[in-house]
Structures are given as C-alpha cells and as structure tokens.
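Given next are the chains, with one letter for each unit.
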Amino acid sequence: MIDKAEKAIGYTFKDKNLLKRALTLASASEDNNQLLEFFGDAILEFIVSEKIFSEGASEGELTDRRKSLVSDNALAPVSKKLGLDKLLIRGKNDTANKKAVPSAYEAVTAAIYLDGGMDAAKNFVLRTLDFYGTPEAVINYKGALQEIVQSQGQALPEYSRRDLGDKYSHKFEVTVKVFGKEFTGIADNAKTAEQSAARQAVEYYENQK
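Structural notes, computed from the coordinates. (Residues numbered from 1 in each chain as written. Predicted model: local features only at pLDDT ≥ 70, side-chain atom pairs only at ≥ 80, totals over all residues. Heavy atoms only, no water.)

Topologically, T128 is positioned in helix α8 (residues 118-128). For T128, a relative accessible area of 16% gives the class buried. Of the polar contacts made by the side chain of T128, one reaches the side chain of Y105; its length is 2.6 Å. Contacts of T128, omitting those with residues within four sequence positions, involve V78, L82 and Y105. (Helix = DSSP H or I, 4+ residues; strand = E, 2+ residues; numbered from the N terminus. Buried < 20%, exposed > 50% of the residue type's maximum accessible area, 1.4 Å probe, protein only. Polar contact = N/O pair within 3.5 Å; in protein donor to acceptor, adjacent residues only side chain to side chain. Contact = heavy atoms within 4.5 Å.)

Next comes the structure, spelled out in structure tokens:
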C-alpha cells in the first residue's frame, strides 16, 4: 500500500511511517493523521500564499483566492485525482467522513515537509494543486445558498453591506443572515464580499450535515 501511495503522490519517503500516519484516520488508530492535517493546513496556506503573492491583486482578493484554493471543496477533487481517497486507512464502520478526503491532502503535505523539507513540500503542492482551474473560483455561492434555503422552506438570505473604505479606496463588508447566524465577507468590491459571506454560510451548512 505504501509503494502505491508513494507512486500516486510522486514522492518516495525516507520514513515510511510518516506516509502511513498521514493516511490513517482517527477511526482506525490513535496514531492518526489529525495533527498532520493541522500542520499541513498551515504549510499549504504558506505555499499557496507565496505562489499567488505576485499576482498583483488586493489583500482581500488574495485572501479569498487563497481560501478558495485550500478549501475542502478545492482539495477533495485533488485528493481523489491522486487516489488518496482509496488509500485511506479507515475504521471498520467509517464510511461517511466527508472531510477525510480533503484532509488527506493536507496531512500528506505535512508528512512530505517533515520527511523532505519545505522544497519537497512545495514541489508536491505546486505539481498537484490546480492554481488556475476554475471549479471552486466560479462557484456562485449566493445562488447555491439560495437553493439551500429554498429547499428547506426558509426565508431567502438577507444581505447587508457597508463601505469600510475612504474616498481613495473601497473596502466592503457584507453580512448575510441565514441559519440563525451571521456570516461576514470583506473585499474590495461588494460582489466579492457577498460571495465570500455566502461561501462561509454554505460551508457552515455543509459541515453541519
């Protein structure tokens, strides 16, 4: 299994146990990938931030872009393309853990970092993560959120907006009230801020399933 996993990710481990741990869920063993997932999330954010830093966008736009690239929605198809979903070591009755698939990518990133250093981790991420694809970026989160609340017979989401900027530059804060909570997005234009707020609401809904 380890040989197959190494071939899938394109990296040969010096410490094979690191890779095994990265693919082991908490339902299968106490020596699982939860801490690697936590560490990998931070490493992944750094690598992605460094990659997109030179794109010339504003801070708010870069923040939203980074979030879209490292979100579960973006990482799940990457993990599946690598075949990590089929290589996970699960507990006997663990079949419905949706977060396990995107988390595997984060854990593997951390394992590669610990085994081979930052250059090896960067090589893995830059080679496997789709920075310029559009599956996550083009999602209409406002539309998705509206479909969710309509399917549940709830009132349509209410958006409120305020400009936090000045006469030289705009910074919009948009808040959406839905599911009995408030979700806030901040960006340099109102539409992006609305999408950011809606995305948080959709992700909250998905995590409650």
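Here the narrative resumes.
Right, let's get into the nonpolar core. I9, Y105, V108 and L129 are the most contacted members of the largest nonpolar core, which totals 39 residues. Elements with a contribution of two residues or more to this core: α1 (2-9), α2 (16-22), α3 (34-52), α4 (59-70), α5 (72-82), α6 (84-87), α7 (100-116) and α8. Filtering out sequence-adjacent residues up to four positions away, L129 remains in contact with L44, V48, L69, L75, V78 and Y105. Listed in part, the 17 residues of the second largest apolar core include V174, V176, F183 and A190. (Core = buried A, V, L, I, M, F, W, Y, C linked by side-chain atoms within 4.5 Å.)

Let's shift gears to the packing of α3 against α8. With their axes 10 Å apart at the nearest point, α3 and α8 run at an angle of 70° to one another. With respect to each other, α3 and α8 are oriented roughly perpendicular. Here I43, L44, F46, I47, E50 and K51 of α3 lie close against α8, whose contacting residues are M118, A121, K122, V125 and L126. By residue class, the composition of the contact of α3 with α8 is eight nonpolar, no polar and three charged. (Axes fitted to C-alpha atoms, helices over the stretch in contact; angles between N-to-C directions. Parallel < 35°, antiparallel > 145°, perpendicular 65-115°, else oblique. Nonpolar A, V, L, I, M, F, W, Y, C, P; charged D, E, K, R; others polar.)

Shape descriptors only; they carry no functional weight alone.
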